[in-house]
2 protein chains.
Amino acid sequence: METVAVLGSTGSIGTQTLDIIRHYPDKFRVELLYAKRASDLLLEQVKEFKPSVVITEDKPSTQWLKELPSTTQHFLGLEGFEYSLQKLELNKVVNAIGGIFGIAPSFVVLKKTHSLLLLANKETIIAAGDFLNPFWERIIPLDSEHNALFQLLKNLKTDQEVEKIVLTASGGPFRSLPKEELKKVSPQRALKHPRWKMGKKITVDSATLMNKGFEVIEAHYLFKIPYERIEVLIHPESIIHGMVQTIDGNLFALMSPTDMRFPIHYALFYPLREKTYLKPLDLTEVGKLTFEKPDWEKFECLKIAYEVGKKGFPYTAYLVGADEAAVELFLEGKINFLDIPKLIMEILNSLSQELKADLEAIESLVKQAYLKAQEIGSSYRKRY
Amino acid sequence: METVAVLGSTGSIGTQTLDIIRHYPDKFRVELLYAKRASDLLLEQVKEFKPSVVITEDKPSTQWLKELPSTTQHFLGLEGFEYSLQKLELNKVVNAIGGIFGIAPSFVVLKKTHSLLLLANKETIIAAGDFLNPFWERIIPLDSEHNALFQLLKNLKTDQEVEKIVLTASGGPFRSLPKEELKKVSPQRALKHPRWKMGKKITVDSATLMNKGFEVIEAHYLFKIPYERIEVLIHPESIIHGMVQTIDGNLFALMSPTDMRFPIHYALFYPLREKTYLKPLDLTEVGKLTFEKPDWEKFECLKIAYEVGKKGFPYTAYLVGADEAAVELFLEGKINFLDIPKLIMEILNSLSQELKADLEAIESLVKQAYLKAQEIGSSYRKRY
């Protein structure tokens, strides 16, 4: 019986994680659920899984608290989370909190527990990079791409046998749209992802290809591979999630249906494999898989991410902060789609000094970039 | 420096093997070449690679022998091969002899040496099956499909983690031809394979899909996996060579260009990987990969192979003998394309008894089926 915590339990990855856990009542025991709001959905989850602890960021109503099972304790926010970790023995912690707000909980898990961290929050890795060096053995990536690469690279010597790794990208909703029209796209349109059903932040990041850029940086740190040997390939069907080419010209690929439950399933049972209840891929139903090169001119965010990745920390931490604010401003209608890379570049350029930092300083750096981007971005309407 | 022998050196796989060896003069030393005829090509190869021994099946002319380098000894046939193995220390023996005539040399290598056998001759495995149990550790498959599966399965527990393996098939030249027209296809047309340039026997086997059926049996023995978990998938581009689906719904695939030098390269350097001079795959050039189910009604040979595989030895040995003769008769214009499965079934049905056999008896069993099929097939014109 594995004990599990799910952070961000009411989001897309969180609910899918619980869907899998629900199918294996003999294998997993949910000890902790963590969500921003004390919502009806969270209450339902608590009633079903009866965790020892439930954490909310916002303060719940008295009524909500009254409905909790008697065996479930409630705590508030990150401090409550940290406190409750002292009493719980957790084998695996799923961090499915989206965006920069997922960074701090990751650090808490890595520093205060011995649990495996099943990490959907890529901002953690991009912001912290090499500062995570003591912890890589405990991090299993949940991103479909990195989960695929993780499985593929497990038995290859990255430094001796691997020529390059390939991250596939659906290309997002604007793959075929001319660049001049990108300026006018609405948030609603950007939120219609052709393949994956995800949270808002990551869906916009997918439309700008910043998500893929983040994944490049994430892959660099996770798999210790230089940027020159990380390739992005547009693959609209999103069936192949990652590929590894060996120096002798063999290209290994990992496929599964466009369904996050496959990588989550793998990570929950890691290091073993367990027979799944999910319907596997039928390539004759898919019919065809296609591939094209990414359009670097149209999707500037991808280029930015490679450049920032090569510069490394503290630029990477600044990138995630700036992007978080830029996407928020776009969703609020305060900047347009092409302003996103422009604003990010402006924030990055404002950071010139090399910083000495530790894990603690990273969060404040991310927040600094976030606040700066919020402020500058809010005046874009007037300036452009 | 690895010492290598190449059996069938003037054929398609043989010349491609020497092409790779030519590029790594510091890595390999060719000690023995073996071919059917004392041809000009073989003489050229001997002059270039200066092996200690050259073997021919047929007797060479005096002139041919005179032109051999002084350091190269010539011997005749299988006996000469066996004799010369006593003096040579071979790390790797490539058996690229096509069809049933490649079986005996495989057995000699396995029984009389400690070399790794890099095996392109699938008839060896199909005919001998479980009798090869003492030798699997020394056999590296060269078939692109099995080589791919070999690489993919190396780090998976076949009995615990693998749901199924998938052999891809181009579908051959008659994939889109209606069954009623198959009766009329000429040998010339059957020899035009859409993807692979190969010897005649295997090209016709690819057109009937018997080659894929052979590969199913080969995979069964090589990877110890039941027939129910071996799938054939039509994939006309022949870029994905093999796939393995794990029980948790991950589908691992191995791709490389449609070029036998990739699997040969892997096998020659096995267990290491070496940087290749070959141009690797560019999926954006390929553009798309497509998949469809095989047409079992049209390609009876595939069905026959599964059935024979499930019955096991001695039927498998009979199958390769009968198929060898049937393909020869088809190429000679003595039977038509649809007579191939018919003749094979007739020969298989003539074998009713269960046999106790050893490695030695296998060859005579294969020959028995071959001769019987030759005789019966020769009268097809009169009978149908």
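Every chain is numbered on its own, with residues counted from 1 as its sequence reads. For naming, the first written chain is A and the first written ligand is 1, with later ones following in the order written. The model is predicted, so local features are restricted to residues of pLDDT at least 70 and side-chain atom pairs to those at 80 or more, both for listing and for counting; the totals for chains, interfaces and linings are taken over all residues. Note: side-chain values were computed over all heavy atoms of the structure, leaving out hydrogens and water.

Student: Quick one: what's the story with helix α7 (residues 144–153) of chain A, residue by residue and with numbers?
Tutor: Working definition: with a 1.4 Å probe on protein chains only, accessible area under 20% of the residue-type maximum means buried, over 50% means exposed, and in between means partly exposed. Strands are runs of DSSP state E lasting at least two residues, helices are runs of H or I lasting at least four, and both sets are numbered from the N terminus onward. The element α7 of chain A is extensively covered by neighbouring structure, given that 10 of its 10 residues are classed as buried. Buried residues of α7 of chain A: Ser144, Glu145, His146, Asn147, Ala148, Leu149, Phe150, Gln151, Leu152 and Leu153 of chain A, and no others.

Student: Please give an account of the pattern of salt bridges that cites residues and values.
Tutor: All names here are of chain B. Should a side-chain nitrogen of Lys or Arg be within 4 Å of a carboxyl oxygen of Asp or Glu, the pair is scored as a salt bridge. According to the stated counting rule, one finds 56 salt bridges over all chains in the structure shown. In this structure, Glu31 and Arg29 form a salt bridge, with 3.7 Å as the shortest nitrogen-oxygen distance. Given a relative accessible area of 14%, Glu31 falls into the buried group. A salt bridge links Lys201 to Glu123; its shortest N-O distance comes to 3.3 Å. On the criterion of sequence distance, the pair formed by Lys201 in helix α11 (residues 200–208) and Glu123 in helix α6 (residues 122–128) is long-range, its members being 78 residues apart.

Student: I'd like a description of the relation of the copies chain B and chain A, backed by residues and values.
Tutor: Copy-to-copy superposition: least squares on the C-alpha atoms, limited to residues that have pLDDT of at least 70 in both copies. Mapping chain B onto chain A calls for a rotation angle of 180 degrees and an axial translation of 0.0 Å; the resulting RMSD is 0.0 Å. Such values leave the two copies arranged in the relation of a two-fold axis. Taken together, the interface assignments show that 100% of the residues at the interface of chain B recur at the interface of chain A, consistent with an identical surface on both copies. Here a residue-residue contact requires only that any non-hydrogen atoms of the pair lie within 4.5 Å.

Student: How would you explain the interface of chain B and chain A if you had to name every residue and give the values?
Tutor: Tallying the contact residues gives 40 residues for chain B and 40 residues for chain A. Each of two parts loses accessible area, computed with a 1.4 Å probe, when they are put together; buried area is these two losses added. Summing both sides of the interface, chain B and chain A together bury roughly 3600 Å²; the carbon and sulfur share of this comes to 56%. The tally of links from chain B across to chain A stands at 6 salt bridges. Among the ionic pairs, Lys275 of chain A bridges to Glu163 of chain B, the shortest N-O distance being 2.7 Å. Between N or O atoms, a polar contact is any pair within 3.5 Å; within protein, one atom must be a potential hydrogen donor and the other a potential acceptor, and residues adjacent in sequence are included only when both atoms are from side chains. At the boundary of chain B with chain A, the tally comes to 15 residue pairs in polar contact (both at pLDDT 80 or more).

Student: An account of the packing of helix α12 (residues 210–223) of chain B against helix α16 (residues 315–331) of chain B is needed here, citing residue identities and associated values.
Tutor: Residue and element names in this part refer to chain B. Lines fitted to C-alpha atoms define the axes, with helix axes restricted to the stretch in contact, and inter-axis angles between N-to-C directions lie between 0 and 180 degrees. Their axes nearest at 12 Å, the elements α12 and α16 cross at an angle of 155 degrees. By the angle between their axes, α12 is roughly antiparallel relative to α16. The handedness of the crossing between α12 and α16 is left-handed. The segment α12 lies against α16, with Met210, Phe214, Ile217 and Tyr221 engaging Thr316, Leu319, Val320 and Asp323. Looking at the contact of α12 with α16, its residues break down into 6 nonpolar, 1 polar and 1 charged. Should an angle fall under 35 degrees it is taken as roughly parallel, and over 145 as roughly antiparallel, whereas 65 to 115 is taken as roughly perpendicular and any remaining angle as oblique. By definition, turning the near helix anticlockwise from the far helix through less than a right angle yields a left-handed crossing, and turning it clockwise yields a right-handed one. Ten residue types, Ala, Val, Leu, Ile, Met, Phe, Trp, Tyr, Cys and Pro, are classed as nonpolar, four, Asp, Glu, Lys and Arg, as charged, and the remainder, Gly among them, as polar.

Student: So what's going on with the domain arrangement of chain A? Residues and values would help.
Tutor: All names here are of chain A. Each domain's extent is set by a domain assignment, obtained either automatically or from a database. Taken domain by domain, chain A comprises domain 1 (2–120) and domain 2 (147–383). In this structure, domain 1 and domain 2 have C-alpha centres spaced 26 Å apart. Of the roughly 2100 Å² buried between domain 1 and domain 2, counting both surfaces, carbon and sulfur atoms make up 70%. Counting across the interface, domain 1 meets domain 2 through 2 salt bridges. A salt bridge links Asp19 to Arg261; the shortest N-O distance between them is 2.9 Å. Our count for the domain 1 to domain 2 interface comes out at 9 residue pairs in polar contact (both at pLDDT 80 or more). Those elements giving two or more residues to the side of domain 1 that touches domain 2 turn out to be β1 (2–7), α1 (12–23), β5 (92–95), α5 (103–112) and β6 (116–119). If you tally residues by element for the side of domain 1 that touches domain 2, the top one is α1, at 8 residues. In the side of domain 1 that touches domain 2, the residues fall into 14 nonpolar, 5 polar and 5 charged.

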